[in-house]
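# Working through the structure, step by step
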Amino acid sequence: MNHQEGYADDVVKGFLTWSIIWGVVAVLLGVVISLQLAWPQLNLPPYLTYGRLRPIHTNAGIFGWGIGSFMALFFYITQRLTRTRLWSPGLARFQLWLFNVVIALAAITLMLGMNRSKEYAELEWPVALLVVVLWVIFSINIIMTVIKRKEEQLYISLWYILAALVGVAILYLVNNVGIPVSLTKSYSAYAGANDANVQWWYGHNAVAMVLTAPPLAIFYYFLPKSTGVPIYSHRMGVIAFWSLIFMYLWTGAHHLLWTPVPDWVQTLAMAFSIMLIAPSWGAVFNGYFSMNGQWHQMRDNYLVKFLIFGITFYGLQTLQGPSQAVRTFSAFIHYTDWVPGHVHMGTLGWVSLVLFAAIYYVVPRLYGREIYSVGLANLHFWLAVTGQLIFSITMWIAGVQQAVMLHATNPDGSLHYSFMETLIELYPYWHGRAAGGIIYFVSLLIFVYNIVKTTTSGKQIQVSS
Amino acid sequence: MIEKRPVILLLLATAVIMVGTVVTMIAPFRWINDPKLRIAEVKPYTPLQLEGRDIYIREGCNNCHTQTVRPLLADVERYGEYSKAGEFVFDQPFLWGSRRTGPDLARIGGKYPDAWHYRHTADPQSMVPRSNMPKYAFLERPLDTSLTERKMKALGFPYAPADIEAVKGKSELDALVAYMQKLGSDIPWRKEARAAVAGELKNPFQDDKTVLAEGKEIYGRDCAQCHGAGLEGGIGPSLADIDQPDAELFKSVYAGIPAGGMPAFGETLGKDRVWKVVTFIKYQKRH
Ligand code: HEM
Ligand code: HEM
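Procedures and definitions
- Residues numbered from 1 in each chain as written.
- Chains lettered and ligands numbered in written order.
- Predicted model: local features only at pLDDT ≥ 70, side-chain atom pairs only at ≥ 80, totals over all residues.
- Heavy atoms only, no water.
- Donors = N, O, S within 2.8 Å, 3.2 Å for Na, K, Ca; no water.
- Tetrahedral: all angles 85-135°; square planar, octahedral: opposite > 155°, others 65-115°.
- Helix = DSSP H or I, 4+ residues; strand = E, 2+ residues; numbered from the N terminus.
- Buried < 20%, exposed > 50% of the residue type's maximum accessible area, 1.4 Å probe, protein only.
- Salt bridge = Lys/Arg side-chain N within 4 Å of Asp/Glu carboxyl O.
- Domains from an automatic or database assignment.
- Contact = heavy atoms within 4.5 Å.
- Buried area = accessible area lost by both parts, 1.4 Å probe.
- Polar contact = N/O pair within 3.5 Å; in protein donor to acceptor, adjacent residues only side chain to side chain.
- Phe/Tyr/Trp six-rings, centres within 6.5 Å; stacked < 30°, edge-to-face > 60°.
- Lys NZ or Arg CZ within 6 Å of the ring centre and 35° of its normal.

### As for the coordination of the iron atom of ligand 1
Residue and element names in this part refer to chain A. Only His57 (NE2) and His344 (NE2) from the protein coordinate the iron atom of ligand 1, and they sit 1.9 to 2.0 Å from it. The coordination sphere of the iron atom of ligand 1 comprises six donor atoms, whose angles at the metal cover 88 to 179 degrees; the geometry is octahedral. Taken together, the residues span a long stretch of sequence, with His57 in helix α3 (residues 50-82) and His344 in helix α15 (residues 338-367) at a distance of 287 residues. Of the two residues, His57 and His344, neither departs from the other in class, the shared state being buried.

Right under this line is the structure:
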């Protein structure tokens, strides 16, 4: 079937394999650093300290697992939505090779301490340049396929894909401008408060262009595919699309509330963050309304379960995010464990659940085999959700508790607790988070086992795509 | 319509993305670098401090420590005067961070004597037993100075050849400590704290044995690291036989002795707890 239609799917398989491998690495490192916070003796200086491993964790998660899967699924979706073979499968194969070189180099250089220190833009300039090359060849391949397409209409998923391609390019180029001193060392071209403002314009829009637009593209494609009924409203998707990509760019400074960045930039960020609820929930409602009359599928279709839980976490995430952008609440939870709670509801709940669904959908079709075990897929689902909820909930409680202690004062106006007194209270929560992380890791191993078994010994079938 | 024109869609999306970008990212270049925000006392980094800063970046200390004090009561009392834009003009990159697993370091300069930093960085748990900061004893190795001059040039910081010479032979830890001591100390905020002790100073717990247990606990947590578990001294002088009126001891502890490396505890402990630890110290002398 797929081969008859002539789609280039080998490279989709390649990207999926590697993104899953990097995903396992990312989650394993997440577990390691969560244990290091609880038991500092697990730091093994110089290479394996928390300070060096945490950036490897975030980079492996966002770039290895996130972007790696997006590349696979964009190739898959774009070919099908355009009914056109990939413009250049050769270029895509080179891209896979380069992708793995870049991620491996990123891990090695960060471990050696070559680090620009800006969050999610840590890679030193030679590696960052390779990232640019990677993104350019990826974009050309997708855009050329779209231009040569046989299907005239562009489905909403393609809109998000195209926006993500330009969005990431602009963000990455601007935030990485630097002054090289040697091959392994450079300084940011911007200074102080200005550097901070550029960085968080980048940082928050990495959330928009990497952790929101691509998973939305995937969600809009795979939800109708999994349920068998079309998306509720294309028009609603279009309106939400334009307002989303318009509003996101104004909100970076909500990471910099109460800092020396000008007040008006902070205030704009706060206002636009609240307005962002509308387009975000546009997508959530579109998902829910598409389920009208189909809710029974939540019981019998594990793909739908992953997707609907995913979009629900997205909905919660986009209510929690705007509340964190309000100055008074930020004063309280900023810098505390609350924020990792927010981050991992997004990455483990929203992004990863949607990716799992897409991979469970795609792999049987690519290999012409039935899924090895629906039971294991369900087990994977419940363990993943449990692990993620334990992680986020313990961190929200920890964050609020530390915030309350840090702000507590005595009648004479002095502070009631020293910093260490507040930190000691966090240990039990950090143990809980590590347990949640381990549960999530186990669920991931079950997923990998199920996928590997599917490709090697799933029942042979002819499924239509 | 756009549904059928991918190139137009791409251009339009780019334009839409650029609106917020221009207003909130590009335009502020002008406001943030306003010369009015400059602070004359804020000096560029010396070669040794800059090398220390690069080690801070290399080790990813910014994953646990922030460097910006917010104008909030709890921040200002715990860490010192709130941060001003003009204090960061030489910071490329900025190191404000996003997570306070450890305390803010924007004003760590001058809080502790060098000796405290040497011991703490190499083995934090020896000073603060339940800290989760990693041990950085390996930083005692020699500093690589081959790029120092190029770094100073790249950032346009002034230096004399003697400054570059002075860096040679130092350890990485020397550089890191030099950087720590510079942080936040350009503007003269610490001296003002001294004036904060005012009014009549009378120990409300004099001869009150019920506060000794708490005084001992505070001592163990906040003082023993420098004055020794048995008051025998270490980084700070011995307090075992100290013969001073309660009011004098109170002043030293409440406002600190910035020049000598004794931190101020007034704002983190408050008057009552300072009196309790003073009572504890005096009681040890008599027994
Ligand atoms: C169960 C698996 C995971 C565990 C146990 C874990 C653990 C952690 C820990 C301990 C931190 C540091 C929090 C702190 O600074 O206090 C962290 C940060 C982070 N992790 Fe994970 N992680 C996991 C999975 C992931 C995945 C899959 C992704 C991405 C797709 C991810 C993205 C991030 C990001 C972006 C941050 C930085 C958050 C911030 O700056 O506030 N994590 N993680
Ligand atoms: C309307 C949507 C959203 C808004 C307004 C929003 C707002 C915020 C705010 C204000 C912070 C800073 C918290 C602090 O440090 O005090 C934050 C952090 C973060 N958010 Fe969201 N959020 C939204 C959606 C999402 C989504 C969907 C994700 C997907 C994973 C996400 C991932 C993150 C990450 C990774 C960080 C940590 C950044 C760092 O400190 O390193 N957010 N968000």
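### Comments concerning the pattern of salt bridges
As enumerated under the stated definition, the model contains 29 salt bridges over all chains in all. In this structure, B:Lys84 and B:Glu81 form a salt bridge, with 2.9 Å as the shortest nitrogen-oxygen distance. A single salt-bridge network, built from bridges that share partners, covers A:Arg52, B:Arg58, B:Glu59, B:Arg141 and B:Glu172.

### Details of the domain arrangement of chain B
All names here are of chain B. In terms of domain boundaries, chain B breaks down into domain 1 (47-182) and domain 2 (195-286). One C-alpha centre belongs to domain 1, the other to domain 2; they are set 29 Å apart. Contacts between the two partners involve ten residues from domain 1 and, on the opposite side, six residues from domain 2. Regarding the contact of domain 1 and domain 2, the summed buried area is about 820 Å², with carbon and sulfur atoms giving 59% of it. The interface formed by domain 1 and domain 2 contains one residue pair in polar contact (both at pLDDT 80 or more). Within the residue set of the side of domain 1 that touches domain 2, elements represented by two or more residues are α4 (73-79) and α5 (114-122).

### Topic: the packing of aromatic side chains
By the definition in use, this model includes 54 aromatic pairs over all chains. Consider the rings of A:Tyr76 and A:Tyr221, whose centres lie 6.4 Å apart with planes at 85 degrees: the pair is edge-to-face. One end of the pair, A:Tyr76, is in helix α3; the other, A:Tyr221, is in helix α8 (residues 213-227), and 145 residues separate them in sequence. Across the pair, exposure class does not vary: A:Tyr76 and A:Tyr221 are buried alike. A ring pair is formed by B:Phe250 and B:Tyr254, whose centres lie 5.1 Å apart and whose planes are at 20 degrees; its orientation type is stacked. Highlighted residues: B:Phe250 and B:Tyr254, both in helix α12 (residues 246-255), separated by four residues, approximately one helical turn. As far as burial versus exposure is concerned, B:Phe250 and B:Tyr254 are alike and both buried. Every member of this aromatic cluster is reached through a ring pair, and the members are A:Trp65, A:Tyr302, A:Phe306, A:Phe309, A:Phe313, A:Phe356, A:Tyr360, A:Phe381, A:Trp382 and A:Phe447. Over the ring of B:Trp31 we find B:Arg30; its NZ or CZ atom is 5.2 Å from the centre of that ring.

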